[in-house]
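Secondary and tertiary structure notes
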Amino acid sequence: MTGEEIKNLLDITDYYNRYDKNKRWDYVALLVGRATQAAEINEIQNISEDKTKSIGKSLYEEGMIIEGCGIFYSSSTKKATLKSGRIFLDGLVYAVETKELSTTGTAIIGVWKISSVLTEDVDDSLRNPARGYPEYKSRGAYRIVTKAQWGLSTDFHDNATFCEVYEIENGIIKRLKKVKPDIIRYDKHAHGNYAVDGLNISFVSSTSGKQIFKVSKGFAHINGYETEIFQDINFSVDEVIDSEDITKEVTQSETLTESTNKIMLAHLPVENVSIVRVTKQKTVKNLLHGTAGCIDELPDDSVTKIIEVKQGAKIYIEGTDFRFISASDGLDWSLSGDEPTPGSKYDVTYEYRVNAGFTFNTTSVTVSDSDFLKDAPIDVTYDYRMPRRDIIIMNEDGTVELVRGQADADNPIVPDTPSGAIRLAEVFQKWITSPEVNNSVRSIQEQIDELYKKIHELEGKINGG
């Protein structure tokens, strides 16, 4: 503490300290025969303290953890348990004890450095202990007591300063950056971004349009900073599906299970079925024939085939007596052959296409109608979920997110890892089953070990040959 800070803390006039680091005092030279001033003793302490702090600040950043100081957070109770340890504050290393804190919303957790004055009125042992001498039990110097304790940024303490260490947001713990810039630069340029330990990804479940993944505790170096997840966490992402339309997929009779009217589809998994079109056969009796040579329209659209036209015992021949006009779904009697008497009635049997009722699942569609021609083609219009390859990354601030790739039926494209992030895993979204998670290489050492293994295998093949 500076002399001015101590004087304000003591709040008395009997304290003197002329030290100012801008004067560049290096020593206080005490001379024989001269009285030692209380101010000089105070100045000696300040000179020593400044030298010690200058060394510490050249090695550590404010709030840097020296030992211990771990954290555990319970999402259910909203309480954080801060472990004991040692931490660097204002040029010196201070001890902190274990403490439990209750949090709400986004919480900034750190260490409060609190200073207080201890006098002989509070602690009688500060009086002169030299029994048998005239000054025995007389009052002497005060003591400045400084302690460090865990707390929230929203707390308040007299004569205190706060240094942030952790942030808790949405149940995720982030360690705030406390590293020397030169170390950051070296690590970033020499090693890039890499996971050191843990940070394994696993799939948990899909529910209510969300996919839930688990990230194991661990840490990585990203842009030169050590980024750590202090306990296993779950994170969720929206289940975004890329689908493709299949228009009128023609399904032949061999894909139909006649006993259940179930049709197996070619592109899976099915997201939605919009139309199932089947062929039915129908006989219309007493169709009224108009004037001679006219076109008699049939009562159904999408007629595909005329099976029989007859009046009593008389059967009319297509192409000789009439022709079928598909554009108007009618019979044209303008040919030179026979035709019914104008105003009379006749029977027509034909096949026509119609939208059928259906139900579906991820692999098939089941036709609800029972009176369709099962040996005729069936058209199904539907959407299916295209496979996609995503990646899960961790950013410099410790947040974990999923980056979606480009979906494709045959060759889904994996997205690039964004700058300033590390890839933790690749997620193959098949949609038929749970996502397939493949964790990425965890550290540089793992890459070296894998390379060594391949070299060793190659040597074995060469020697064996």
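Structure's up top.
Computed from a predicted model, the values in this text were never measured in an experiment.

1. A closer look at helix α1 (residues 3-10)
The set of residues buried in α1 consists of Gly3, Ile6, Leu9 and Leu10. Considered in projection along α1, the buried side chains sweep an arc of 125° and stay on one side of the axis. Pointing more than 90 degrees away from the buried face of α1 are the exposed residues Glu4 and Asn8. On the buried face of α1, the contacting elements are α2 (38-59), β7 (107-118) and β8 (143-152).

2. Quick look at the sheet that holds β7
Taken together, the four strands give an open sheet; going across it, the order is β8-β7-β9-β10, and neighbouring strands pair in antiparallel fashion. What marks the edges here is a single partner per strand, and that holds for β8 and β10 (172-175). Averaged over all pairs of adjacent strands, the angle between their axes in this sheet comes to 25°, without regard to strand direction. Two elements, β7 and β8, share 10 bridges in a ladder whose sense is antiparallel. Looking across to β8, one finds that Lys113 is bridged to Ala148.

3. Observations regarding the pairing of strand β5 (residues 92-96)
Pairing geometry for strand β4 (residues 85-89) and β5, over five bridges, is antiparallel. Counted as the bridge partner of Leu89 is Leu92 from β5. Two successive antiparallel strands, β4 and β5, enclose a turn made up of two residues, where Asp90 displays a positive phi of approximately 50°.

Calculation rules
- Residues numbered from 1 in each chain as written.
- Predicted model: local features only at pLDDT ≥ 70, side-chain atom pairs only at ≥ 80, totals over all residues.
- Heavy atoms only, no water.
- Buried < 20%, exposed > 50% of the residue type's maximum accessible area, 1.4 Å probe, protein only.
- Helix = DSSP H or I, 4+ residues; strand = E, 2+ residues; numbered from the N terminus.
- Arc of directions from axis to C-beta.
- Contact = heavy atoms within 4.5 Å.
- Pairing = 2+ DSSP bridges.
- Axes fitted to C-alpha atoms, helices over the stretch in contact; angles between N-to-C directions.

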